[in-house]
Amino acid sequence: MLRAQQWLRENPGQDVYQALFFEQGIKFQYPTTSLFYTELQSIIAGSAAVQSLNITNALLFLLAVVGMVLLTLGLVEHTRPSDTKREVRERIGIGFAAAIGTLCFYPLQRAWALGQIQILLDVLFIFSCYAFLHGRSATSGFLLGASALIKPQMALFLIWGLLRRDKTFVAGWILPVGFGLTASILAYGHAWIGGYIHVLSFISSHGESYFANQSANGLMYRLLDLGPNLIWDARGFAPPDFRVRIVTLLSSIMIISMALVLAARDSSREGGLVSLIVAGGCFTMASPIAWEHHYGVLLPAFAFCFATLHAREKQTGAALWPFRITLATTFIVSANALPFLNYFAKTSLNPIQSYLFFTAIVTLTLTYMLASRSRIQINDLAFRRARFGP
C-alpha cells in the first residue's frame, strides 16, 4: 500500500493498477480508497510510516480483544433469561475467557504478524456487531461502509441492508462510502476505477493455489494440483482453469445467496444480529481469495454461539452436549495453525488443508441453528434494554 501511495504521488491521475499489478507484478489488490489509511500514517509519522503502521496494528489487536470482551458480555446479558440474576463472578470469568480466546485466535494473530490492514477490518466488524446488538443500526452500517472502502466484499452489506429494509443501516453505510469515493477521485483521479475493475476480473479468473487461501477457489486448485501448494508466489497467480472458475463462481453465488436470503427472510430486529454475523462470514468465504488471516470475522459468531448456548442451558437446565462439542471443536480447530496438514499436500486428501474454510461453514451453520432453536429475541431485547434500561 505504501508503494501504491508513493507511485500515485509521482504519477497523479494515472492508473496505479496497470503499473503495479499488471506490469510490475506487485499484488496491490485494494481500492485506492484504502490508501487514506496509509496517508494518515504518513502524515503522523512521516518517513517512519512503517513503524507507525506496526504500532497501530498492535493497538488494533488490543482493541479487537476489548471489542470481543464487550460483545461477548453484551450477548450474554441480552440473552440472559429475565428470571435469572446477574452474577459478577460469572461475568468476570466470561470476560476473561473472551479475552484469552481472542488473544489466541490464529487468524487474528496472523493478521497482526503480517502487518495486515485486515486487523482493522476485524475491529470494524466486531464493533459493528456490538453497535447492532445495542440497537445502533446507523453506527453498524457506518463501520461496515468504512470497511467497504478497504475490502470490496463488504459492499454486499448495502444489499443486505436494503433486503432488510433497514434505512438507518443503509444511510450509515452510504455516508463513508460516498465520502471516500469522492475524496479518492479528487485525490487520485478516476483512472483507477477501470483499472481496479480489471484487477478484480483478473483475480476472479485466476485465484491462488497456496494453502493459506481458504476458499473454494484455493481448495479446487490444490485438489487439481494446479499451481504451487506449499510455496508462496509473491508475484504470480494460479493458472486459469475453466473447472476451477465454474466451481468458484457457483460456490460464491451459493454462499452469498444464503446470507442474503437469510437477511430477506427475517427483517425483524430479532434476526438482525444473527443475519449480520452470518453475512460477515459468508461474504469473506465467497471471495476467490480468502486468506487465513481473513477469518477473524468468525469471532462474533463464536461469541454468539457461546452466549446462546449459555442462555439456553440456563433456561432448560440441560447441557446441550452436541452443540457444546461442535462449538468447542470448531473453535479449537480454527483458532490454531495446523501445519502438519500440509503433509497431505500431494495426496488426494489435501482438501483437509482447507480446514478454516470447512470450520467456517460449520460455525456459521451452528450460529443459524442455535438462533432458530433458542428462539431468543436477541436484537429486540437489546433494543428495549438500550432504550428503557434493564
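Here is a short report on the structure shown in this document. (Residues numbered from 1 in each chain as written. Predicted model: local features only at pLDDT ≥ 70, side-chain atom pairs only at ≥ 80, totals over all residues. Heavy atoms only, no water.)

## Concerning the overall build of the protein chain
A count of helical and extended segments in the protein chain gives 18 helices and zero strands. Its C-alpha atoms give the protein chain a radius of gyration of 21 Å, within 12% of the compact-globule value 21 Å for 390 residues. The principal-axis extents of the C-alpha atoms in the protein chain amount to approximately 65 × 50 × 40 Å. Taking all 390 residues of the protein chain together, the buried fraction comes to 54%. (Helix = DSSP H or I, 4+ residues; strand = E, 2+ residues; numbered from the N terminus. Rg over C-alpha atoms; globule rule 2.2 N^0.38 Å. Buried < 20%, exposed > 50% of the residue type's maximum accessible area, 1.4 Å probe, protein only.)

## Side note on helix 13 (residues 242-265)
Along its 24 residues, helix 13 runs 34 Å from first to last C-alpha, staying within 8% of the 34 Å computed at 1.5 Å per residue. Three or more residues of helix 13 are buried, namely V244, T248, S251, S252, I255, A259, L260, L262 and A263. Two or three places before R243, at the start of helix 13, stands the capping residue D241, its side-chain oxygen 3.0 Å from that residue's backbone nitrogen. (Expected span 1.5 Å × (residues − 1). Polar contact = N/O pair within 3.5 Å; in protein donor to acceptor, adjacent residues only side chain to side chain.)

## A few points about the side chain of S251
As for its placement among the helices and strands, S251 is situated in helix 13. Accessibility expressed as a relative area gives 14% for S251, which makes it buried. Only 3.0 Å separates the side chain of S251 from the backbone oxygen of T248, close enough to count as a polar contact.

## Let's talk about the pattern of salt bridges
Under the counting rule described, the total for this entry stands at six salt bridges. Ionic pairing is found between E208 and K27, a salt bridge with its closest N-O pair at 2.7 Å. Taken as a pair, E208 in the loop between helix 11 (191-205) and helix 12 (216-223) and K27 in the loop between helix 2 (16-23) and helix 3 (35-45) lie far apart in primary sequence, 181 residues in all. As a salt-bridge pair, D166 and R164 come within 3.6 Å of each other at their nearest N and O atoms. Neither residue differs from the other here; D166 and R164 are each classed as buried. (Salt bridge = Lys/Arg side-chain N within 4 Å of Asp/Glu carboxyl O.)

## Topic: the nonpolar core
Core analysis: the largest hydrophobic core is formed by 82 residues, its most contacted members being L75, L144, F157, W160, L273, L276 and Y295. A per-element tally of this core places helix 4 (residues 49-79) first, with 11 residues. Not counting residues within four places of it along the chain, the set of residues in contact with Y295 comprises F105, P107, Q214, M285, A290, L356, F357 and A360. (Core = buried A, V, L, I, M, F, W, Y, C linked by side-chain atoms within 4.5 Å. Contact = heavy atoms within 4.5 Å.)

## Concerning the state of the cysteines
As used in these notes, a disulfide is a covalent bond between sulfur atoms, one from each of two cysteines. As enumerated under the stated definition, the model contains zero disulfides in all. As a non-bridged cysteine, C282 has C129 as the owner of its nearest cysteine sulfur, 13 Å distant. Of the residues examined, C282 reaches a relative accessible area of 6% and is grouped as buried. Not part of a disulfide, C305 finds its nearest cysteine sulfur in C129, a span of 12 Å. You can call C305 buried: its relative accessible area is 0%. (Disulfide = S-S within 2.5 Å.)

## Description of a nonpolar patch on the surface
Residues L40, I43 and I44 make up a contiguous nonpolar surface patch of roughly 340 Å² in combined accessible area. Summarising the element assignment, I43 is placed in helix 3. (Patch = residues over 30% accessible without salt bridge, like charges linked within 9 Å, V, L, I, M, F, W, Y side chains within 5 Å. Areas by Shrake-Rupley, 256 points an atom, 1.4 Å probe, with all protein chains shown as cover.)

## Looking at the environment of A290
Here A290 shows up in the loop between helix 14 (269-285) and helix 15 (299-316). Given a relative accessible area of 0%, A290 falls into the buried group. Considered as a pair, A290 and L356 are 66 residues apart in the sequence and their alpha carbons are 9.9 Å apart. Dropping the residues within four chain positions of it, A290 is found in contact with A212, N213, Q214, S215, T284 and Y295.

## Here's the deal with the packing of aromatic side chains
How two aromatic rings sit relative to each other is set out by the distance from centre to centre and by the angle between their planes. By the definition in use, this model includes 21 aromatic pairs. Relative to F331, the ring of F105 has its centre 5.8 Å away and its plane inclined at 25°; by these criteria the two rings are stacked. Here F331 lies in helix 16 (residues 321-334) and F105 lies in the loop between helix 5 (88-103) and helix 6 (106-114), a separation of 226 residues in the sequence. A centroid spacing of 6.0 Å and a plane angle of 65° characterise the contact between F132 and W160, whose relative ring orientation is edge-to-face. With F132 in helix 7 (residues 118-133) and W160 in helix 9 (residues 156-163), this pair connects stretches of sequence that are 28 residues apart. For the pair F132 and W160, one class covers both residues: buried. Through successive ring pairs, a cluster of aromatic residues spans F132, F157, W160, F169 and F283. Cation over ring: K27 sits above F237, and NZ or CZ is 4.5 Å from the ring centre. Of note, R324 hangs over the ring of W321, and the distance from its end group to the ring centre comes to 4.6 Å. (Phe/Tyr/Trp six-rings, centres within 6.5 Å; stacked < 30°, edge-to-face > 60°. Lys NZ or Arg CZ within 6 Å of the ring centre and 35° of its normal.)

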